[in-house]
Amino acid sequence: MSASRKPVSSHHRIVIKIGSALLVDRKSGLKKDWLDAICEDIAALKAKGADVQVVSSGAIALGRTVLGLPSGALKLEESQAAAAVGQIALARAWSESLSRHDIIAGQILLTLSDTEERRRYLNARATINQLLKIGSIPIINENDTVATTEIRYGDNDRLAARVATMTGADLLVLLSDIDGLYTAPPHLDPDARFLESIAAITPEIEAMAGGAASELSRGGMRTKIDAGKIATAAGCGMIIASGKTLNPLRAIDAGARSSWFAPSGTPVTARKTWIAGQLQPAGELHVDAGAQTALYAGKSLLPAGVRRISGNFGRGDAVAIIGVDGREIARGLAGYDAEEARQITGHKSSEIEAILGYVGRSAMIHRDDLVMTGASVTVAAVKKDEIHA
């Protein structure tokens, strides 16, 4: 392994994407032995303290075998029906296999729009984080049953990358029926060279992406490179590896061939630039001196530090944070709707449940969703007992 590449088992939060062809045989259905083996790998990672998330393809492929649908292209409504049947079978299979290691599986069905629209993004992230907090393994799949456009299994590559960035993962592993990136599709070009380490995804790297490798795994290298661009820009490393062998994650750490995509060296800057520059604030949160100082110290914004709110925004919308001198000092994604935010403004986080009637988020804006945009203030000018965030 290169100096910048660490073993899979040494990462803190890992997203594993599994291609349909690994899980499902066109004739016999679910590959139970393979599933049991990957669950052994997942249990081993979890035992070492890693948070593991699985983006599992295979619902449509499994559903069509259960329903006995013929091979070949399916109509949209046929794909949706197959997904509806396959999702139940797939979730049950994951649950049973993980339960052998005393691990509870939780199913989450997402669409790409769930990771694009801010409110749905926050809801999805909160659910996944809670599952990880209680020791469960999220089994994530695209919600193909309600898709209104043509369903492509390869979209789960991009979905996995979006899940990785959404949840702050430091490693994305794409398992399919190809062992990594080549200079050209190896099944078409016998002179294609294997690339073990990719420092950055350049136009030349993108040009190397080929088409689909199998009928069940339609995404091919194109969507894997797209996934790499999403993940590495957010500071998440990515591995493309073959999952054909049993215990593929263990095999990677044992030296099996795979391609490593290094994370960007400036991921925080990229994310903060996106929040600060591309989202128009839907409202304003005016904060006191203590909260202002705490924000510059890298803290979240708590309700107690907010003096006044303006605008009609929803949870997940971008809002401007106005400092004591009336100027914008930061911008972030609101943790509450404007109406609820007004109710808890100036109150301690411990009072939120009594005010709103439910246990809400402790932060008005979490530090992960916040970027400082204004000039700093002198910390010495603020009393310590005014720091609320």
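Details of the structure are given in the entry above.
The rules behind each value
Residues numbered from 1 in each chain as written. Predicted model: local features only at pLDDT ≥ 70, side-chain atom pairs only at ≥ 80, totals over all residues. Heavy atoms only, no water. Salt bridge = Lys/Arg side-chain N within 4 Å of Asp/Glu carboxyl O. Helix = DSSP H or I, 4+ residues; strand = E, 2+ residues; numbered from the N terminus. Buried < 20%, exposed > 50% of the residue type's maximum accessible area, 1.4 Å probe, protein only. Expected span 1.5 Å × (residues − 1). Pairing = 2+ DSSP bridges. Axes fitted to C-alpha atoms, helices over the stretch in contact; angles between N-to-C directions. Core = buried A, V, L, I, M, F, W, Y, C linked by side-chain atoms within 4.5 Å. Contact = heavy atoms within 4.5 Å.

Participant: Is there a simple way to think about the pattern of salt bridges in this case?
Facilitator: Opposite charge on two side chains permits them to pair, given that their charged atoms come into close proximity. Here the structure, examined in full by the defined rule, presents 13 salt bridges. For the salt bridge of Asp 51 with Arg 13, the shortest nitrogen-to-oxygen distance reads 2.9 Å. Of the two residues, Asp 51 sits in strand β4 (residues 51-56) while Arg 13 sits in strand β1 (residues 13-18), which places them 38 residues apart along the sequence. Judged on exposure class, the residue Asp 51 and its partner Arg 13 are both buried. Residue Arg 222 pairs with Asp 226 through a salt bridge whose shortest N-O separation is 3.2 Å. Linking Arg 222 with Asp 226, this pair stays in helix α8 (residues 220-233), spanning four residues, or about one helical turn. In the salt-bridge network here, residues are joined through shared partners; they are Arg 158, Glu 206, Arg 222, Asp 226 and Lys 229.

Participant: I would appreciate a short explanation of α8 in the present structure.
Facilitator: Think of an α-helix as 3.6 residues a turn; residues three or four steps apart then line up on the same face. In this model α8 runs 21 Å from its N-terminal to its C-terminal C-alpha over 14 residues, within 8% of the 20 Å that 1.5 Å per residue would give. Along α8, the residues that are buried comprise Gly 220, Met 221, Thr 223, Lys 224, Ile 225, Ala 227, Gly 228, Ala 231 and Thr 232. Gly 235 sits one or two residues past α8 and shows a positive phi near 85°.

Participant: Teacher, can you tell me more about the sheet that holds strand β15 (residues 318-322) here?
Facilitator: Strand pairing in a sheet relies on backbone hydrogen bonds. The paired strands run either parallel or antiparallel. The five strands lie next to each other as β14-β13-β15-β16-β17, forming an open sheet whose pairing is mixed. In this open sheet, the two strands that pair with only one neighbour each are β14 (306-311) and β17 (370-372). Across the sheet, the axes of successive neighbouring strands diverge by a mean angle of 20°, strand direction being ignored. Here β15 runs beside strand β16 (residues 328-333); their pairing, made up of five bridges, is antiparallel. By the bridge assignment for β16, Ala 320 is matched with Arg 331.

Participant: Even after reading the chapter, I still don't get the pairing of β15, so can you show me in this structure?
Facilitator: For a regular strand, side-chain orientation follows a simple rule: the groups alternate between the two sheet faces. Along β15, five of the five residues are buried, which leaves the element largely enclosed by surrounding structure. On β15, burial covers both faces: Ala 318, Ala 320 and Ile 322 on one face and Val 319 and Ile 321 on the other are all buried. Pairing analysis gives three bridges linking strand β13 (residues 283-287) to β15, with the strands arranged parallel. Note on β15: the bridge partner recorded for Glu 284 is Ala 320. Between β15 and β16, which pair antiparallel in sequence order, lie five residues; one of them, Gly 326, sits at a positive phi of approximately 85°.

Participant: How should I be thinking about the nonpolar core in this particular structure?
Facilitator: One broad rule of soluble globular proteins: the nonpolar side chains tend to lie buried together. If you look at the biggest cluster of nonpolar residues, it comprises 40 residues, and the most contacted ones within it are Val 163, Leu 172 and Leu 181. Counting only elements with at least two residues in this core, the list comes to β5 (105-110), α5 (118-133), α6 (155-166), β7 (171-176), β8 (181-182), β9 (194-195), α8 and β11 (237-242). Once residues within four sequence positions are removed from consideration, Leu 181 is found in contact with Arg 193, Phe 194, Leu 195, Ile 198, Ile 205, Met 208, Met 221, Ile 225, Ser 259 and Phe 261. Counting residues in hydrophobic clusters, the runner-up holds 37 residues, among them Val 24, Ala 59, Trp 94 and Leu 98.

Participant: How should I be thinking about the environment of Leu 249 in this particular structure?
Facilitator: Within the secondary structure layout, Leu 249 lies in helix α9 (residues 248-253). Of the residues examined, Leu 249 reaches a relative accessible area of 4% and is grouped as buried. For the pair Leu 249 and Ile 38, spaced 211 residues apart in the sequence, the C-alpha separation amounts to 7.4 Å. Residue contacts for Leu 249: discarding those within four places in its chain leaves Ile 16, Ile 38, Asp 41, Leu 45, Val 173 and Leu 175.

Participant: Is there a simple way to explain the sheet that holds β1 in this structure?
Facilitator: Spatially, the eight strands line up as an open sheet ordered β5-β6-β4-β1-β7-β11-β12-β10, and their pairing is mixed. A strand with exactly one partner marks an edge of an open sheet, and here the two such strands are β5 and β10 (197-198). Sheet topology note: the β7/β11 ladder contains six bridges and is parallel. Looking at the pairing, Ser 176 lines up with Ser 242 of β11. Its contacts with the sheet place helix α2 (residues 32-47) against β1, β4, β6 (137-142) and β7, and it is angled at close to 170° to β1.

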